[in-house]
Amino acid sequence: MKTSIREKVLILIGVTWIVGGAVAFLPVRNFLLYQLGPISPRHRELVLIVMGSVVFILVCWGLTTITYRRTDLVANLNLLLVSIVIMSPLLMEITLRTGIAIGHPKFRTPGLYANVLSDDDYYKLRIVWGLDNIDKEMAESADLNEFQRSSSGLAYDPILGWAYKRTPQNPLGVIADTPYVLEATEGSVLFYGDSFVGAGKLMADKIPQQLQSLLPGKTVYNFGVPGYGLDQIYLRFKQSQDHFKKPVVIIGILTVDLDRCIMKNRSRPKPYFLIKENELVLSGVPVETNNDSYLKKNPIGITSYFGAALVQFAEYLETGGNLMDSEHRRGEIERVSKSLIEGIVQEANDSSLDLRFVIFVPTSGGGWRKAFLIREIERWGIPYLDTEPVLIESMAKPKPGDFASLYYEESGHHNKLANGIIAKAIAEHFFKHPRQ
């Protein structure tokens, strides 16, 4: 008997149900578990049961469609199901927006709709959904003395976005444990960076503070500020280096600081650079004083939450769930970062400064960002220290997962041990401090 066009279409639909169900199972399951985060074994088992049931139903329905393709009931049911599938984007959009509106935490997950590393919308969503409390930062230990607490609070800065408070006892707004007087004396080491430079549960745990103990006769200033991108590190360096006479300047760069330099908001407004006619142009200054006024002028750019979720799902599949492998906006990131590194080098050369770089990596490693950083730093012939092999070498018999043991699990920053290893490596590498 000759196969009609309707039967051919139903065979194609049946095969689609079978293949679609079988192929989509693993990536959809992994994505769901990734977004749900740490869940109990019982809930994880429930996800697998539900996903397995859906696949089983789809495969069975596909076989049924092929087998009974000549019956009107099967044809009509497939017509209905195909119509639902076609309408599903609209239904999903309604579902997501309803979940967001009622405040369900699983729907109010910014990572579902935006890239945490380089999308402003990720942080705008956190602000709008009340997921950030940006005024409770840097009280890292109850053991901080009064001066340490006064130097640990972040304040609005019209150029930098945010910075540690400057006071008569702490005129530079650095991370310190005692008051100091700013003098243009030689023998200073200026250590700039983000929270990887400033991190440590106790003041003595931090890298610059541990480096200070290894360099008698020198004064190490901790210019680390949490959340900074390479652009803010560059601005802070330009603002403060001329207070010193012939200092050694160490620029600490976490690989994802490159992503941050193309962002205009990271839980609060920040400065950023544009490149016009091959020149860096500082923009977004003076920085907005609060998020409400900023968001009125710069609203969330997501028009379809379902579409945004699909983009994140595609990126998840591309990176295997490791966003550090993401190349989202890579061209823009490299273009701006390249100019910023050039700006840092030129500023150091113009002021005859002894410049050094230290590269930090997250637990997942440096990836293409570290390779880019090394390439650009070597292009200028500036000495640098890559902390990743230093930390790996410090482990006597490294095993899979050991690298993560050098980081605090709750924050992802180096722990006291790792900070000490890095401080010693800096002393040996840049200051010829003898190994102990």
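Refer to the structure above for everything that follows.
Reading the values: rules and limits
For every chain, the first residue of the written sequence is number 1, and numbering continues from 1 onward in sequence order. Owing to the predicted nature of the model, reporting of local features is limited to residues with pLDDT of at least 70; listing and counting of side-chain atom pairs is limited to 80 or more, with chain, interface and lining totals taken over all residues. The basis for every side-chain value is the complete set of non-hydrogen atoms in the structure, without hydrogens or water. Every angle, taken between N-to-C directions, lies between 0 and 180 degrees, and every axis is a line fitted to C-alpha atoms, over only the stretch in contact when it is a helix. Segments assigned H or I by DSSP are reported as helices when at least four residues long, segments assigned E as strands when at least two residues long, and all are numbered from the N terminus. Orientation labels follow simple angle bins: below 35 degrees gives roughly parallel, above 145 gives roughly antiparallel, 65 to 115 gives roughly perpendicular, and whatever is left gives oblique. When the near helix sits turned anticlockwise from the far one by under a right angle, the crossing is termed left-handed; a clockwise turn instead gives a right-handed crossing. Contacts between residues were defined by any pair of non-hydrogen atoms, one from each residue, lying within 4.5 Å. By the convention adopted, Pro, Cys, Tyr, Trp, Phe, Met, Ile, Leu, Val and Ala count as nonpolar, Lys, Arg, Asp and Glu as charged, and the other residues, Gly among them, as polar. Residue exposure (1.4 Å probe, protein chains only): buried if accessible area is under 20% of the type maximum, exposed if over 50%, otherwise partly exposed. When charges are counted, Lys and Arg contribute as positive and Asp and Glu as negative, whereas His and the chain ends are disregarded. Salt bridges, as used here, are contacts in which a Lys or Arg side-chain nitrogen is within 4 Å of a carboxyl oxygen on Asp or Glu. Any N or O atom pair separated by 3.5 Å or less is treated as a polar contact, with the protein-specific requirement of one donor-capable and one acceptor-capable atom, and with residues adjacent in sequence counted only for side-chain atom pairs. Patch membership needs two things, relative accessible area over 30% and no salt bridge, and members are linked within 9 Å if like-charged or within 5 Å if nonpolar (Val, Leu, Ile, Met, Phe, Trp, Tyr). Only the protein chains shown count as cover for residues, with accessible areas throughout obtained via the Shrake-Rupley method and a probe of 1.4 Å. Aromatic rings from Phe, Tyr and Trp, taking only the six-membered ring of Trp, are treated as a pair when their centres fall within 6.5 Å; an angle between ring planes under 30 degrees marks them as stacked, one over 60 as edge-to-face, and anything in between as tilted. We define the nonpolar core as a collection of buried residues of types Ala, Val, Leu, Ile, Met, Phe, Trp, Tyr and Cys that are connected through side-chain atoms lying within 4.5 Å of one another. In a helix, the anticipated span is given by 1.5 Å times the number of residues less one. Pairing between two strands is assigned when DSSP locates at least 2 bridges connecting them.

(A) Focus on the packing of helix α8 (residues 230-240) against helix α12 (residues 330-350). Packing of α8 against α12 brings their axes to within 10 Å, and their N-to-C directions diverge by 15°. As summarised for this structure, α8 and α12 are arranged roughly parallel, according to the angle between their axes. Relative to α12, the crossing made by α8 is left-handed. For the pair formed by α8 and α12, the contact residues are Leu230, Asp231, Tyr234, Phe237 and Lys238 on the first element and Ser337, Leu340, Ile341, Gly343, Ile344, Glu347 and Ala348 on the second. Here the contact of α8 with α12 is composed, by residue class, of seven nonpolar, two polar and three charged.

(B) Just the side chain of Arg236, in detail. Relative to the helices and strands, Arg236 resides in helix α8. Buried charge without a salt bridge: Arg236, with Asp157 as the nearest opposite-charge side chain at an N-O distance of 6.6 Å. Within the structure, Arg236 has its side chain in polar contact with the backbone oxygen of Leu172 (distance 3.4 Å).

(C) Inspection of a nonpolar patch on the surface at higher detail. Together, Leu73, Leu77, Leu80, Ile84, Met87, Leu90, Leu91 and Ile94 make up a nonpolar patch on the protein surface, roughly 740 Å² of accessible area in all. In this structure, Leu91 sits in helix α3 (residues 72-101).

(D) Geometry of the side chain of Thr65. Mapped onto the elements, Thr65 comes out in helix α2 (residues 41-67). The exposure class of Thr65 is buried, given its relative accessible area of 0%. Residues within four places of Thr65 in sequence aside, it is in contact with Leu10, Gly14, Trp17, Val74 and Asn78.

(E) Quick peek at the packing of aromatic side chains. Following the criterion strictly, the structure yields 10 aromatic pairs and no others. When the ring of Tyr192 is compared with that of Phe223, the centres are 4.5 Å apart and the planes differ by 20°; the resulting orientation is stacked. Here Tyr192 is found in strand β3 (residues 188-193), whereas its partner Phe223 is found in strand β4 (residues 219-224), with 31 residues between them in sequence. Arranged with centres 5.6 Å apart and planes meeting at 75°, the rings of Tyr192 and Phe237 form a pair that is edge-to-face. Taken together, the positions of Tyr192 in strand β3 and Phe237 in helix α8 put the pair 45 residues apart, joining distant regions of the chain. When sorted by exposure, Tyr192 lands in the same class as Phe237, which is buried.

(F) Local environment of the nonpolar core. Ranked by internal contacts, the top residues of the largest apolar core, which has 51 residues, are Ile251, Leu355 and Phe357. With seven residues, the single largest contributor to this core is α12. In this structure, Ile251 is in contact with Tyr192, Ile233, Phe237, Ile344, Leu355, Arg356, Phe357 and Val358, ignoring residues within four places of it in sequence. Of all hydrophobic cores here, the second largest spans 33 residues; its members include Leu385, Tyr407, Ile426 and Phe430.

(G) Geometry of helix α11 (residues 305-319). Here α11 is 15 residues long and its end C-alpha atoms lie 21 Å apart, about the 21 Å a rise of 1.5 Å per residue gives. Within α11, the full set of buried residues consists of Tyr305, Phe306, Ala308, Ala309, Gln312, Phe313, Glu315, Tyr316 and Thr319. Downstream of α11 by a residue or two, Gly320 has a phi angle that is positive, lying close to 65°.

(H) Representation of α3 within the structure. Over its 30 residues, α3 extends 41 Å from the first C-alpha to the last, a length consistent with the 44 Å expected when each residue adds 1.5 Å. When α3 is considered as a whole, its buried residues turn out to be Val74, Ala75, Asn78, Glu93, Leu96, Gly99 and Ile100. One or two residues past the end of α3 sits Gly103, with phi positive at roughly 80°.

(I) Representation of the sheet that holds β4 in the model. Pairing is parallel in the open sheet, where five strands are placed in the order β4-β3-β5-β8-β9. Taken across any chain shown, the strands that pair with only one partner, and hence form the sheet edges, are β4 and β9 (384-386). Ignoring strand direction, the axes of neighbouring strands in this sheet form an average angle of 15°. When strand β5 (residues 248-254) meets strand β8 (residues 354-360), the two strands line up parallel, connected through seven bridges. Its bridge partner being in β8, Val249 is matched across the sheet by Leu355. Of the strands in this sheet, β5 and β8 are in contact with α12, which crosses β8 at around 150°. The strands touched by helix α15 (residues 416-431) within the sheet are β3, β5, β8 and β9, with β9 carrying the most contacts at an inclination of about 145°.

(J) Summary view of unusual backbone geometry. For the bond from Val285 to Pro286, the omega torsion is -5°, close enough to zero to count as cis. Positive phi values are uncommon outside glycine, yet Lys246 reaches one of about 50°. Note that Lys246 resides in the loop between α8 and β5. We classify Lys246 as exposed; its relative accessible area is 62%. The phi angle at Asn278 is positive, at roughly 65°, despite the residue not being glycine. When you line up the elements, Asn278 lands in the loop between β6 (272-276) and β7 (279-283).

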